[in-house]
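Close look at the chain arrangement
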Number of protein chains: 2
Amino acid sequence: MATGRTHRPATRSRGIPEATVARLPLYLRALTALSERSVPTVSSEELAAAAGVNSAKLRKDFSYLGSYGTRGVGYDVEYLVYQISRELGLTQDWPVAIVGIGNLGAALANYGGFASRGFRVAALIDADPAMAGTPVAGIPVQHTDDLDRIISDNGVSIGVITTPPGAAQQVCDRLVAAGVTSILNFAPTVLSVPDGVDVRKVDLSIELQILAFHEQRKAGEEASADGGASDAEAEQAPPVRATPTTRKGPDGDMPAVMPA
Amino acid sequence: MATGRTHRPATRSRGIPEATVARLPLYLRALTALSERSVPTVSSEELAAAAGVNSAKLRKDFSYLGSYGTRGVGYDVEYLVYQISRELGLTQDWPVAIVGIGNLGAALANYGGFASRGFRVAALIDADPAMAGTPVAGIPVQHTDDLDRIISDNGVSIGVITTPPGAAQQVCDRLVAAGVTSILNFAPTVLSVPDGVDVRKVDLSIELQILAFHEQRKAGEEASADGGASDAEAEQAPPVRATPTTRKGPDGDMPAVMPA
DNA sequence: ATGTCTTTGTGAACGCGTGCACAAAGATGG
DNA sequence: CCATCTTTGTGCACGCGTTCACAAAGACAT
């Protein structure tokens with residue numbers, strides 16, 4: 001996952017497992033598509049296929065919400081859309097503030113998926129005075145100096161951080177101080193927040209690195225198909241282990257350090 | 001997590017658990033920062049704090065890679081940076097192609113975090129003929145018609161999809177056909193791919209919905225602090241259950257369906 | 001050389017998440 | 001009203017991931 005909650009021992013809130021909560025939006029999307037096609041009911045098998053999950057898992061997930069299905073028939077699409085929306089809290093309006101209007105921040109401000117489900121971009125905030133007043137996605141950018149007031153005035157409880165990594169923690173602190181209790185962090189930084197504040201992070205670089213790991217593994221397996229008991233990555237230049245303290249003897253060159 | 005691998009039964013590759021692989025980039029980032037400050041060694045406790053994880057977890061993670069630490073001292077920073085980089089496959093060059101150069105695609109093309117660790121944006125591809133030739137982030141956009149050739153010529157094995165949802169599956173199929181075996185999907189679509197192809201998805205909307213769930217829960221707990229045995233979300237308008245098949249009688253209004 | 005002190009590496013226990021497989025429930029047809 | 005058939009809801013077992021707690025290993029001082 002490009003994500004993962006930070007800290008917090010996976011508080012199974014109100015009996016609904018965290019893993020299930022993470023899948024509810026997936027179901028909701030599939031159900032919405034069915035709803036638009038005026039499909040009245042759907043079986044767990046069909047819906048699971050549409051959402052890309054196991055049907056048993058889906059049934060168990062729904063069982064945490066209640067018994068919303070009809071045996072022998074399936075689930076009522078409209079009803080389920082409503083129930084999941086309500087469970088996720090999408091029946092109410094969530095004003096969101098985006099801090100850091102660079103390329104990514106601007107892209108998010110323009111992103112239609114935000115507005116689609118109860119989320120409303122209420123404010124854009126940037127530290128660059130030159131940007132103040134400039135409209136992005138039809139919303140004028142405001143200066144960081146007014147962050148506290150902006151959050152309060154708009155009743156923002158969800159903040160999105162798209163600043164450079166160096167500014168992320170400071171922005172986070174100010175958001176929290178202003179009353180924000182949920183943060184979506186795009187900056188490659190580990191944020192520390194007080195209890196009661198949720199942080200989710202989206203890290204593009206990490207996702208790519210995970211893909212690279214598996215990609216390398218695939219390539220290695222192919223290469224070792226000729227028939228060697230040798231490890232796939234054994235042909236890498238063997239780096240000399242840098243002896244930590246007691247530099248005993250002339251062990252020569254240090255390991256070739258990668259570009260940071 | 002903004003992510004989660006799609007399908008594939010969590011193949012514990014070469015003995016390294018999937019969960020550990022997902023954390024290695026985190027450690028690498030923290031280590032790189034230490035390296036830049038010329039810190040020679042670091043204890044599991046310190047590094048764990050910097051990466052935002054438990055120190056026992058970190059030690060266990062590293063134990064899957066080998067015994068790279070020195071008891072009583074800690075880990076050699078440079079050496080560990082090299083080992084993790086190698087394990088993740090970052091010692092080689094990964095040409096990446098981005099398909100769909102809208103706001104998000106352009107933001108990714110400009111994103112510095114990509115280039116920083118062995119990833120190189122080798123090609124930008126878009127379906128709009130008007131964009132062909134226009135440079136984005138210094139790289140000219142190429143047309144979808146040439147997708148196959150572009151992938152082959154550049155030896156791209158990792159593709160990034162930032163198209164509208166409707167085009168995602170088709171683009172995915174073409175990427176796979178052209179030889180891509182790892183895909184990072186930003187489109188809100190469930191992609192189906194043949195075996196041997198990895199898909200990771202980043203879904204901004206899902207992340208926000210998960211935050212909203214917890215946010216709602218926090219608000220509900222506060223509200224029920226006055227002293228009610230009633231459920232926090234009981235005050236919602238009780239929707240009339242749409243009777244699935246046997247539409248018995250005029251049960252009137254359907255549940256207020258949410259905006260899709 | 002020996003003792004002390006720090007920190008790693010890991011055995012073991014525990015809890016969560018997943019998937020199987022089936023009984024219960026309800027629809028449907030005769 | 002009864003039989004059959006479909007599909008849900010869930011008890012159960014299993015495996016992965018996390019955490020604790022401690023023994024082993026090495027550094028360092030004397």
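What counts as what
Residues numbered from 1 in each chain as written. Chains lettered and ligands numbered in written order. Predicted model: local features only at pLDDT ≥ 70, side-chain atom pairs only at ≥ 80, totals over all residues. Heavy atoms only, no water. Pairing = 2+ DSSP bridges. Helix = DSSP H or I, 4+ residues; strand = E, 2+ residues; numbered from the N terminus. Contact = heavy atoms within 4.5 Å. Axes fitted to C-alpha atoms, helices over the stretch in contact; angles between N-to-C directions. Near = heavy atom within 4 Å. Polar contact = N/O pair within 3.5 Å; in protein donor to acceptor, adjacent residues only side chain to side chain. Parallel < 35°, antiparallel > 145°, perpendicular 65-115°, else oblique. Nonpolar A, V, L, I, M, F, W, Y, C, P; charged D, E, K, R; others polar. Buried < 20%, exposed > 50% of the residue type's maximum accessible area, 1.4 Å probe, protein only. Arc of directions from axis to C-beta. Core = buried A, V, L, I, M, F, W, Y, C linked by side-chain atoms within 4.5 Å. Right-handed = clockwise from strand over helix to strand, strands pointing away.

**A few points about the sheet that holds strand β2 (residues 69-70) of chain B**
Residues and elements named next belong to chain B. One open sheet accounts for 3 strands, arranged β1-β3-β2; its pairing is antiparallel. Strands with a single pairing partner mark the edges of an open sheet, and in this sheet they are β1 (41-42) and β2. Sheet topology places β1 next to strand β3 (residues 74-76); 2 bridges connect them, and they run antiparallel. Paired with Thr41 across the bridge in β3 is Asp76. This element, helix α4 (residues 77-88), spans β1 and β3 of the sheet and lies at about 70 degrees to β3.

**Quick notes on the protein's contact with DNA strand D**
Around DNA strand D, the structure places 27 residues, and the nearest of them are Ser44, Arg71 and Tyr75 of chain A together with Arg23 and Arg71 of chain B. The sugar-phosphate portion of DNA strand D accounts for 64% of its atoms within 4 Å of the protein, the bases making up the rest. Between DNA strand D and Lys60 of chain A there is a distance of 3.2 Å, counted from a base oxygen to a side-chain nitrogen or oxygen. Take Arg71 of chain B: an N or O atom from its side chain is 2.7 Å from a base nitrogen of DNA strand D. Those elements giving two or more residues to the surface near DNA strand D turn out to be α3 (55-65), β2 (69-70) and β3 (74-76) of chain A together with α1 (18-36) and α3 (55-65) of chain B. Counting residues per element, the surface near DNA strand D draws most heavily on α3 of chain B, at 4 residues.

**Here's the deal with the packing of helix α1 (residues 18-36) of chain A against α3 of chain A**
Residue and element names in this part refer to chain A. At their nearest, the axes of α1 and α3 sit 10 Å apart, and the two run at 105 degrees to each other. Here α3 runs roughly perpendicular to α1, going by the angle between their axes. Where α1 abuts α3, its residues Thr20, Arg23, Leu24 and Tyr27 lie against Lys57, Leu58, Asp61, Phe62, Tyr64 and Leu65. Partitioning the contact of α1 with α3 into residue classes produces 6 nonpolar, 1 polar and 3 charged.

**Some points on helix α2 (residues 44-51) of chain B**
Residue and element names in this part refer to chain B. Among the residues of α2, those classed as buried are Ser44, Leu47, Ala48 and Ala51. Along α2, the residues classed as buried sweep out an arc of 100 degrees about the axis, all on the same side. Turned more than 90 degrees off the buried face of α2, the exposed positions are Glu45 and Ala49. Just downstream of α2, Gly52 is the residue with a positive phi angle, here 75 degrees.

**Side note on the environment of Ile151 of chain A**
Mapped onto the elements of the fold, Ile151 of chain A is located in helix α7 (residues 147-154). Look at Ile151 of chain A and you get buried, because its relative accessible area is 1%.

**Comments concerning the nonpolar core**
Buried together is how nonpolar side chains tend to be arranged in soluble globular proteins. Membership of the largest hydrophobic core comes to 110 residues, with the highest contact counts inside it found for Ile84 of chain A together with Ile84 of chain B. Excluding residues within four positions of it along the chain, Ile84 of chain A makes contact with Leu24, Tyr27, Leu28, Leu31, Phe62 and Leu65 of chain A.

**What to know about the pairing of strand β9 (residues 182-185) of chain A**
For a regular strand, the rule is simple: side chains alternate between the two faces of the sheet. Residue and element names in this part refer to chain A. On β9, burial covers both faces: Ser182 and Leu184 on one face and Ile183 and Asn185 on the other are all buried. Relative to β9, strand β8 (residues 158-161) runs parallel, the two sharing 4 bridges. Of the residues in β9, the one forming a bridge with Val160 is Leu184. You can see the chain leave β8, run along helix α8 (residues 165-178) and come back into β9, and the turn it takes is right-handed. Where β9 meets strand β10 (residues 198-201), 4 bridges bridge the pair, whose relative direction is parallel. In the sheet register, Ser182 faces β10, and the bridge partner there is Asp198.

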